[in-house]
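Results of the structural survey
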Amino acid sequence: MSTVTTPTKTAGKLGTFSGVFTPSILTILGIILFLRTGFVVGNAGLMRALLLIGIANLVSILTTFSLAAISTNIEVKGGGDYYLISRTLGVEFGGAIGIVLFLAQSVSIAFYAIGFGEAVVSLFDVDSAWVTQLVAAAAVAALFVLAWAGADVASRFQFVVMAFLFAALGSFYFGAFQGADSAILQSGLSAPPGALGFWVVFAIFFPAVTGFTQGVSMSGDLKDPGRSLPRGTFIAVGLSLLVYVSVAVLLAANAVPAALIDDTRIMRSVASVGFLIDAGVIAATLSSAMASFLGAPRILQSLASDKVFPILNPFAKGVGETNNPRRGVLLSLVVALATVALGNLNAIAPVVSMFFLISYGLLNYATYFEARAKSPSFRPRFRFFDKRISLAGALMCLGAMLAINVIAGAAAVVVLLGIYQYLRRSERPDRWVDASHSHHFQRAKESIAALTAEPKSARNWRPQILAFSADPERRARLLQFATWLEGDSGLTAAVRIVEGDGIRGRRLRESEQEALEDQIEALDLDVHARSVLAADGMEALPVVVQSFGIGSVRANTALFGWPESDDPERRRLYVDALQDVYRLGVNVVSMSSDPARWNAMALRPAKERRIDVWWAGHDDTSRLALLAAYLFTRTGPWAQCKIRVLSSSVDDIPPDEVEEELAKVLEAARIRAVPQVLEYPDPKSFASACSDAALVLVPMRIRRGVILGPFDVPLDNLLRLLPMTAAIRAGAPIDLVAGPESGLPGQITAAEELLADAEARLRALESEAQRASYQVESLRSANASFDASELEELSHAEAQLARVTRRALTAQARVDAAKADVARLLAEL
């Protein structure tokens, strides 16, 4: 049995501003703001650039709504996106996104550090790749020291960076407002000839908005994550949207499209103090790198604390009061320096962006998944939420992946699914409860409602089995038999009726329930367990059979083991039980299988197995036995076995004709089986014919308290001569040739056709009656007095009118009856 454990909580110190808003806003207002916004506006034109910025930020806004809902519904601990996704979608999705997010953020440290190196090198007009890498490595080392010291120290550094960032923006706004020209703005509203396409420009700009969840990664260091995460993220996303829109408009009003495209440092030219823009670029790259340096180790630490990947367990250890993940910081340093050493990052940069997009998509889907499950435990404090917002956010993330880079998106998905499949196949204890149970329950609820609404038809019959047994050893064989009988198409429940009452009875029932579940788990069978307490087992049996299930999912077959006791009273109770269940319209199956016969069957090679079915005639029991044999062949151990249908010869009919008729039955039923007719068989010849079968299926019936089998002999006597055998009695009609029009839908169709025919017949008679009535009226009005011939003609016309009227009345009655039949059938539907 799996256990659920709860990780220990570490008290955080950071608030909304320092823990969420600051790292988020510093990452969003990054290098793309200063070096690529002008390029985007120049290529797209201001109007399309604003549309592009709106679409990109819509992903952020929708995802923030999801974040606000899910983070105010559960107690958020360390791990950010990983924690939220894993606690909702499960360890497989959480573990997959956790490991790729750690790598993506660690690689992002190098991206931003190289951007810092390029900015520094450009200030001194040095054109050397190795110098850029050297400066980037030095920046990584310096940031490592801050991350090693802890989030509280690093956050104070971020305040300094923020001051430079906003000073740069202030310098830009001051210069841009002074130099704004409406004529230049008018010329840049649309895209210039030969500019890049919309989605190409979108792909360039979109990474600008991928940093809004950096604050989420700090969830373990927050005083109140449920309050700080939604507030800080909403404020950061809203403010950054205003900044990007205003910068785009002001750039379009200060420079023509050609200048915006050619000069990546156009903001420096527009600003009142150009050096502050350089400082802003440096601040933006360092702040983004710092945010990633803080976020990546905390994702790794949370992943390690959950023991998802055993090799990562050492990284769960933290240092100090805030549980600073120094081991994770060290690993992020190694990844970042290795990435810097690569130099050319263009090949893996798109894939890293896809990892972030996937994480946003999964965060949206996780929230939709939770809300869609309609669990009573989903009670987010954030009130402005609708599950459709989360679904739209997930779809927009998918659309953005396709628009930016299909190949990189596919590569990221392949990596994620590979890790997901690895985790799915790995054995580990359950360390938390996710939303899967609520999701499956909701699906089951909706499916049961849909099943109940569907019309009943023999075409949709499936075995829904209740297996009764009190002896664990016999029950093991019975449950294995039940799973074969359901043919991977039905349901099986093992039922144990415990006799007793009071507290001792309840404790005994709980013990039996646990033992039943443990046995099913040990047998590795897809069987449900149910232990029922009752004062009298015989009285409880029909109640259990009738009440088991819900909606259309009801028991239709009861499976028992053949009684091994010779005690007459126990035999009588067993026969009464079979009769009670049968009278409820439930099929009854009794399996005779002592250990010797069971072992003989089990040891027989699969290719050598054969199921013999006794065909007693065109009755429901024979059809159910044939169907049961077929269902066996749909399971692995019986997939290669053969079915043989045995029948007896009939007086005055040659055996080959009987066999031919049986072959037609099998052909109509679409069941591969070999028909064989036994001439004048008796119990001994029948047993001899079945001696080498792995399983024999025979009909049974009960007369005067005795269970009879083929040839109307007591089944007890026949079973002693046979190998493993199951006796079957159909409690409801079985149709092996049911088609789409069979059952109630077919009856409705036939009734509607009869109604249409009756209405057509009535209309024809009414028309004929009108003509006859017109003829009578014409004859009466044409003559005041009639001679003999005219009188005869009038009499004939009146007689014809009377006949047609009677026939019309009969037709009307048939129409009324047909309408009533259709209404009745539709009501049943």
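Please refer to the structure placed before this passage.
Heads up: these notes are all about the structure in this document. Counting from 1, residues in each chain are numbered in the order their sequence is written. For a predicted model such as this one, the threshold for reporting local features is a pLDDT of at least 70, and the threshold for listing and counting side-chain atom pairs is 80 or more; totals across whole chains, interfaces and linings nevertheless cover every residue. To get the side-chain values, take all heavy atoms of the structure and skip hydrogens and water.

A short note on helix 19 (residues 472–486)
- Secondary structure counts use DSSP, requiring at least four H or I residues in a row for a helix and at least two E residues in a row for a strand, with both numbered from the N terminus. Multiply 1.5 Å by the residue count of a helix minus one, and that product is the helix's expected span. A rise of 1.5 Å per residue sets the reference length of helix 19, with its 15 residues, at 21 Å; its end C-alpha atoms lie 21 Å apart and thus fit the reference within 8%.
- Burial classification: accessible surface area is computed with a 1.4 Å probe over protein chains only, and a residue below 20% of its type maximum counts as buried, one above 50% as exposed, and the rest as partly exposed. Within helix 19, burial applies to Arg 475, Arg 477, Leu 478, Leu 479, Phe 481, Ala 482, Thr 483, Trp 484, Leu 485 and Glu 486.
- One or two residues past the end of helix 19 sits Gly 487, with phi positive at roughly 60 degrees.

Some details on the packing of aromatic side chains
- Side-chain rings of Phe, Tyr and Trp, where Trp is taken by its six-membered ring, are said to pair if the distance between their centres is within 6.5 Å; with planes under 30 degrees apart they count as stacked, over 60 as edge-to-face, and otherwise as tilted. All told, the structure shown has 31 aromatic pairs when counted by the stated rule.
- With a centroid separation of 5.5 Å and 50 degrees between ring planes, the pair formed by Phe 144 and Trp 148 is classed as tilted. Placement of the pair is Phe 144 and Trp 148 together in helix 6 (residues 129–149), with a separation of 4 residues, close to one helical turn.
- According to the relative accessible area criterion, Trp 148 is partly exposed, its value standing at 32%.

Quick word on the pattern of salt bridges
- The term salt bridge refers to a pairing of a side-chain nitrogen on Lys or Arg with a carboxyl oxygen on Asp or Glu at a separation within 4 Å. By the definition in use, this model includes 20 salt bridges.
- Of the charged contacts, one joins Arg 572 and Glu 569 as a salt bridge, the two residues approaching to 2.5 Å between their closest N and O atoms. Residue Arg 572 and its partner Glu 569 are located together in helix 22 (residues 568–583), separated by 3 residues, close to a single helical turn.
- Each of the salt bridges in this network shares a partner with another, and the network as a whole consists of Arg 610, Asp 612, Arg 644 and Asp 692.

Brief notes about the environment of Leu 794
- Position of Leu 794 relative to the elements: it lies in helix 29 (residues 788–828).
- Classification of Leu 794 as buried rests on a relative accessible area of 8%.
- Linking Leu 794 and Phe 65, residues 729 residues apart in sequence, is a C-alpha distance of 88 Å.

As for the side chain of Gln 105
- By the element assignment, Gln 105 lies in helix 5 (residues 91–123).
- For Gln 105, a relative accessible area of 4% translates into the label buried.
- Counting of polar contacts relies on pairs of N or O atoms within 3.5 Å, with two restrictions inside protein: one atom must be capable of donating a hydrogen and the other of accepting it, and residues adjacent in sequence are counted only when both atoms are side-chain atoms. Separated by 3.1 Å, the side chain of Gln 105 and the backbone nitrogen of Ala 296 make a polar contact.
- Excluding anything up to four places from it in sequence, Gln 105 contacts Gln 214, Ser 217, Ala 291, Ser 292, Gly 295, Ala 296, Ile 299 and Phe 356. Throughout, a residue-residue contact means that at least one pair of heavy atoms, one from each residue, lies within 4.5 Å.

Brief notes about the packing of helix 6 against helix 13 (residues 274–305)
- Lines fitted to C-alpha atoms define the axes, with helix axes restricted to the stretch in contact, and inter-axis angles between N-to-C directions lie between 0 and 180 degrees. At a minimum axis separation of 10 Å, helix 6 and helix 13 run at an interaxial angle of 50 degrees. It follows that helix 6 is oblique to helix 13 by the angle criterion. Handedness of the crossing formed by helix 6 with helix 13: right-handed. Contacts from Ala 139, Val 140, Leu 143, Phe 144, Leu 146 and Ala 147 of helix 6 reach helix 13 at Leu 286, Ala 289, Met 290, Phe 293 and Leu 294.
- Residues belonging to the contact of helix 6 with helix 13 are distributed by class as follows: 11 nonpolar, no polar and no charged. Here roughly perpendicular refers to angles of 65 to 115 degrees, roughly parallel to angles under 35, roughly antiparallel to angles over 145, and oblique to all remaining angles. Crossing handedness follows the turn of the near helix against the far one: under a right angle anticlockwise gives a left-handed crossing, and clockwise gives a right-handed one. Three categories are distinguished: nonpolar for Ala, Val, Leu, Ile, Met, Phe, Trp, Tyr, Cys and Pro, charged for Asp, Glu, Lys and Arg, and polar for the others, with Gly belonging to the last.

Some thoughts on empty space enclosed by the protein
- Grid points spaced at 1 Å over the protein atoms alone were grouped into cavities, where a 1.4 Å probe fits but cannot get out, and pockets, open sets with protein on both sides within 12 Å along at least five of seven lines, with lining residues defined by an atom within 4 Å of a point. Grid points are joined across faces, edges and corners, and a volume is the space filled by probe spheres set on the points. Taken as a whole, this structure holds 3 cavities of 30 Å³ or more when the rule is applied.
- Its volume calculated, the largest cavity comes out at about 80 Å³.
- Taken together, Trp 461, Pro 463, Leu 485, Thr 557, Val 589, Leu 624, Leu 627, Ala 628, Leu 631 and Ile 728 make up the full set of residues lining the largest cavity.
- In terms of residues, the lining of the largest cavity owes the most to one element, helix 24 (residues 620–632), which gives 4 residues.
- Within the lining of the largest cavity, the residues separate by chemical class into 9 nonpolar, 1 polar and no charged.
- Surrounding the second largest cavity, Leu 14, Ser 18, Gly 19, Pro 23, Ala 151, Ser 155, Gln 158, Met 218 and Leu 294 form its lining.
- Elements that contribute at least two residues to the lining of the second largest cavity include exactly helix 1 (16–28) and helix 7 (151–179).

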